[in-house]
Amino acid sequence: MEALKQKIVQEGKVLSEHVLKVDSFINHQMDPFLMKQIGEEFATRFQDKGITKVLTIESSGIGPGLMAALELKVPMVFARKRKSLTLKEGLITATVYSFTKQESNEVTISSNYIQEGDRVLIIDDFLANGQAALGLIDIVKQAGAIPVGVGIVIEKSFQNGHQLVKDTGVQVESLARIASLKDGKVEFVD
Ligand code: G4P
């Protein structure tokens, strides 16, 4: 997606060989116009999949997840990383280990909102080691629903997340694929 790649080049900051900072348009401040285009692009790529729900994870997945859901005209659910005061019964949980942060999080949804027969599109802002996406696929399966796609805004293709998710048989679509962050420069795949 050209507009996204341009934004990454203009505003992204390479913090190290492994980390790209994009908090001027995704992770802190959000660019609603770019998010709208991102939602349209996801909807186009998954339009023939009969999607009935979008599932994402708080917090930075919510922007692109909601825009994709709007375009696909379906509800969006976000998995919680923190315990909710009101969400107590009928919980579906997966443990997600973050290699970046070296910590495990329990991620949770209510079984009321993803149910047997749902066809679910999973959306997230970054794909690194794939653990968040795998955890969300696990949650969808526990609910008796079908994970039909994983849509990612920025994929770090030099990490193994894409392959791990692809190995589950779920279609992965990443709007910007980064081949390398070496020497302070962003290089895209093709
Ligand atoms: P994984 O799910 O693919 O295995 O990713 P990992 O554990 O490595 O990532 C943990 C957190 O760090 C996630 O956000 C992920 O989006 C983010 N992240 C990973 N690599 C980068 C990067 O190069 N740049 C930026 N900006 N973020 C990265 P999170 O902690 O869940 O944050 P949030 O969604 O609450 O903002």
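Calculation criteria
- Residues numbered from 1 in each chain as written.
- Predicted model: local features only at pLDDT ≥ 70, side-chain atom pairs only at ≥ 80, totals over all residues.
- Heavy atoms only, no water.
- Pairing = 2+ DSSP bridges.
- Helix = DSSP H or I, 4+ residues; strand = E, 2+ residues; numbered from the N terminus.
- Contact = heavy atoms within 4.5 Å.
- Axes fitted to C-alpha atoms, helices over the stretch in contact; angles between N-to-C directions.
- Buried < 20%, exposed > 50% of the residue type's maximum accessible area, 1.4 Å probe, protein only.
- Parallel < 35°, antiparallel > 145°, perpendicular 65-115°, else oblique.
- Left-handed = near helix turned anticlockwise from the far one by under 90°.
- Nonpolar A, V, L, I, M, F, W, Y, C, P; charged D, E, K, R; others polar.
- Salt bridge = Lys/Arg side-chain N within 4 Å of Asp/Glu carboxyl O.

Concerning the sheet that holds strand 3 (residues 53-57)
Item 1. Judged by pairing direction, the sheet is mixed, and its six strands sit side by side in the order 4-3-7-8-9-10 without closing on themselves. Each edge of the sheet is formed by a strand with only one pairing partner; in this case those strands are strand 4 (76-79) and strand 10 (187-188).
Item 2. Pairing between strand 3 and strand 4: four bridges, direction parallel. Its bridge partner lying in strand 4, V54 is registered against M76.
Item 3. Along the sheet, helix 1 (residues 2-11) makes contact with strand 8 (146-156), strand 9 (171-180) and strand 10, crossing strand 9 at roughly 35 degrees.

A word on helix 3 (residues 62-72)
Item 1. Within the sequence span of helix 3, burial applies to G63, P64, G65, A68, A69 and L72.
Item 2. Turning to helix 3, the residues buried within the fold contact helix 2 (32-45), strand 3, strand 4, strand 7 (119-127) and strand 8.

With respect to the packing of helix 1 against helix 2
Item 1. Look at helix 1 against helix 2: their axes get within 10 Å of each other, and the N-to-C directions meet at 140 degrees. Our classification of the angle between helix 1 and helix 2 gives oblique. Read as a crossing pair, helix 1 and helix 2 show a hand that is left-handed. Counted together, A3, L4 and K7 of helix 1 and L34, Q37 and I38 of helix 2 form the full contact between these two elements.
Item 2. Here the residues of the contact of helix 1 with helix 2 sort into four nonpolar, one polar and one charged.

Regarding the pattern of salt bridges
Item 1. For the coordinates displayed, the defined rule picks out nine salt bridges.
Item 2. We note a salt bridge from K7 to D31, for which the minimum N-O separation is 3.0 Å. Taken as a pair, K7 in helix 1 and D31 in the loop between strand 2 (20-21) and helix 2 lie far apart in primary sequence, 24 residues in all.
Item 3. E173 is the salt-bridge partner of R45, the closest N and O atoms lying 2.9 Å from each other. Residue R45 is located in helix 2, and its partner E173 is located in strand 9; the two are separated by 128 residues in the primary sequence.
Item 4. A relative accessible area of 27% means that R45 is categorised as partly exposed.
Item 5. A network of salt bridges, in which partner residues are shared, links K7, E11 and D31.

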